[in-house]
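Each chain, letter by letter, is given below.
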Amino acid sequence: MSQRQNLTDSLSPLQWGLAVIIGVTLARLIVLANTQLQLYPDESQYWVWSQTFDWGYFSKPPLIAWMIAASTTLLGDTDFAVRLPSLLFHAMGAGFLLFSAHHLKQGWAGLLAALIYLSMPGIGLSAGVISTDALLLPLWAGALYLLLRLRDGSGGWTAAAGLGGLTGLAFLAKYAAIYFLVGTGLAIILDPPTRRALLSPQGVLAAVILAAIWAPNILWNASHDFATVQHTAANANWQGQLFNPEELLDFLAGQFGVFGLLLFPVLIVAIIQAWRHWRDPDRQIDRFLTLFIAPALMVVLVQSFISRAHANWAASAYVAGTLLVLFFLTRGEKWRRHILTASIAIGFAASVVMAVLAVNPSLVGGMNAFRGLRHLQSWPETAEALHAAETRAEFSALVFDDRNIFHQMQRYGGQLETPLRMWQRYNAPHNHAENVWALEDGAEGPVLIISEREWDRDRLLADFERVEQLDDISIPTGGHRERRLILYAGYDYQRIPRTAEYEAAPAETDAAPQASN
């Protein structure tokens, strides 16, 4: 028997699963260390938050800022260190799914669950950027694993404490963790084993630990006029047209890109099958898993029809979704296994493409499908151009009309000598930049206005008594794309009251096409 065969025989399915997780993580670590893509504006905002410890921030709970602060403190203030927690958390998420699948179904189920998770297109992308989803999903996976252990009586007090701890941390990662509580509540009602496990002293312990971890963030929100809650409500955007079938279709199309081209339709079929055979005791675990999938999908589906929804808003559904499609595809006809294999292969192929583009963005060329890469390139060059502009006169502030560029200059504009300020478009702050660094009324100037938002430019300039156009700069961002900024000198800033009449009055450039983000 060869040495390779001895190694194969000596490794258990769990050990193979852990080896695959480590291997994929190391490969992605190499890509992350060699990426040529700078931080996305949201990533830069999270980095800004990490400079100050708090129990909450304008639009998100605090865990993402804490993880960035820990990573950059240990490894240095580099883009690699900012993004590293996402990669490590996803490895942890794959590990929890490995253990969950192995716990529910022996054999190679755990390895397959890890492969499904790691090959998901959304995870392949998320592993290379720092985001709240990258923290939420692994914590969700850990909480689900411990709940499964409690459900069948194999967990005990340690599992109960861990369930409370991981769920509490999930709420500090992203408020979409509420769907986990919704699923748990439905399980208590509809699933007798869960009801027996959680309506017990162990369930009380889990709830107490969850509350203790989440409480400081709740108190922070209360002391800040529930800023994060208000931001979440503003994101829902229920003030416009309330019937948007095109947004619904966009959201559904996005799920093929998040969960997988083949796996998303399989997931829908698996959910239906789980309840179609609701009397079948062998499908009990399937029905249990649907309770942690359907709430997020249904709520965001309705939200997309009423207003809009980003594709990742339902990402939490795909933790339990990984297990459900695994069980569906590994039972029954042989063709199901072929779908599983093909899906994993397609997912990893997509990851390879993303890795190649991250290391060599110039390969994108002018393809419109990758126009979003312009947000990830040429920020140091942009900062250098603005530094050259600020030295031509004595300005009291650099004033931005786009919070993305504002945060990128905080990250990459270390050479800028003039204070950075944000123009406030509405009565109340709509983002962290406006909340903390808004240009105050009465600023005499001159200030250097950096305008990117063509559709808001007339309103921006109207807040100044006098403006002079100075320059029009264009920064190449790869693939025949550019970042175009118009520079003005502004004097005597006094915000026009944002009355109903002000909002109703059409600005000359209001109808200008807004750049997609």
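It should be emphasised that the depicted structure is a prediction, and the values quoted were computed from it without experimental measurement.

### Some remarks on the overall build of the protein chain
- A tally of helices and strands in the protein chain yields 24 helices and 5 strands.
- Seen through its principal axes, the protein chain has C-alpha atoms that stretch 75 × 55 × 45 Å.
- Within the protein chain, buried positions represent 51% of all 517 residues.
- Accessible surface, the protein chain as shown: approximately 23300 Å² in total, 62% of it carbon and sulfur.
- Each charge sign in the protein chain was given a centre, from 35 positive and 43 negative side chains, and these centres are 15 Å apart.

### Details of the sheet that holds strand β3 (residues 447–451)
- Spatially, β2-β1-β3-β5-β4 is the arrangement adopted by the 5 strands of the open sheet, whose pairing is mixed. Looking along the sheet, the strands with just one partner apiece sit at the ends: β2 (420–422) and β4 (464–478). Shown here is a sheet whose adjacent strand axes are inclined to one another by a mean of 30°, direction ignored.
- Here 12 bridges tie β4 to strand β5 (residues 481–493), and the two strands are oriented antiparallel to one another. In the strand pairing of β5, Asp472 is matched with Ile486.
- Sheet strands in contact with helix α20 (residues 379–390) are β1 (398–400), β3, β4 and β5, and its direction is about 35° off that of β5.
- Taken strand by strand, helix α21 (residues 403–412) contacts β1, β2 and β5, and its axis lies near 160° from that of β2.

### Side note on the nonpolar core
- Counting 120 residues, the largest nonpolar core has Leu144 and Phe400 as the members making the most contacts within it.
- Top element by residues in this core is helix α8 (residues 132–151). It accounts for 13 residues.
- Those residues in contact with Phe400 that lie beyond four places of it in its chain are Leu386, Ile405, Phe406, Met409, Leu420, Arg421, Met422, Trp423 and Ile450.
- One finds Trp423, Leu439, Leu460 and Tyr488 within the second-largest nonpolar core, a separate group that totals 12 residues.

### Quick word on the packing of α20 against α21
- Two elements in contact, α20 and α21, have axes whose closest approach is 9 Å; the angle formed by their N-to-C orientations is 90°. The pairing of α20 with α21 is recorded here as roughly perpendicular in orientation. Here α20 contributes Trp379, Pro380, Thr382, Ala383 and Leu386 to the contact with α21, which in turn contributes Ile405, Gln408, Met409 and Tyr412.
- Taken together, the residues of the contact of α20 with α21 break down into 7 nonpolar, 2 polar and no charged.

### Here we look at the side chain of Thr132
- Here Thr132 is to be found in helix α8.
- Residue class for Thr132 comes out buried when judged on its relative accessible area of 4%.
- Contacts of Thr132, omitting those with residues within four sequence positions, involve Lys60, Ile64, Ala173 and Lys174.

### Brief notes about the packing of aromatic side chains
- Applying the stated criterion across every chain yields a total of 16 aromatic pairs.
- Where Tyr46 meets Trp49, the ring centres are 5.3 Å apart and the plane angle is 50°; that geometry is what we call tilted. In this pair, Tyr46 and Trp49 both sit in helix α3 (residues 41–50), 3 residues apart, roughly one turn of the helix.
- Accessibility expressed as a relative area gives 1% for Trp49, which makes it buried.
- Ring plane angle 50° and centroid distance 5.0 Å describe the contact between Phe464 and Tyr493, whose orientation is recorded as tilted. Here Phe464 is found in strand β4, whereas its partner Tyr493 is found in strand β5, with 29 residues between them in sequence.

### A look at helix α2 (residues 13–34)
- For α2, built from 22 residues, the straight-helix expectation of 32 Å at 1.5 Å per residue is met to within 8% by its first-to-last C-alpha distance of 32 Å.
- On its buried face, α2 sits against α5 (79–104), α6 (109–119), α7 (121–126) and α19 (334–359).

Criteria and thresholds
Residues numbered from 1 in each chain as written. Predicted model: local features only at pLDDT ≥ 70, side-chain atom pairs only at ≥ 80, totals over all residues. Heavy atoms only, no water. Helix = DSSP H or I, 4+ residues; strand = E, 2+ residues; numbered from the N terminus. Buried < 20%, exposed > 50% of the residue type's maximum accessible area, 1.4 Å probe, protein only. Areas by Shrake-Rupley, 256 points an atom, 1.4 Å probe, with all protein chains shown as cover. Lys, Arg positive; Asp, Glu negative; His and termini not counted. Charge placed at Lys NZ, Arg CZ, Asp CG, Glu CD. Pairing = 2+ DSSP bridges. Axes fitted to C-alpha atoms, helices over the stretch in contact; angles between N-to-C directions. Contact = heavy atoms within 4.5 Å. Core = buried A, V, L, I, M, F, W, Y, C linked by side-chain atoms within 4.5 Å. Parallel < 35°, antiparallel > 145°, perpendicular 65-115°, else oblique. Nonpolar A, V, L, I, M, F, W, Y, C, P; charged D, E, K, R; others polar. Phe/Tyr/Trp six-rings, centres within 6.5 Å; stacked < 30°, edge-to-face > 60°. Expected span 1.5 Å × (residues − 1).

Shape descriptors only; they carry no functional weight alone.
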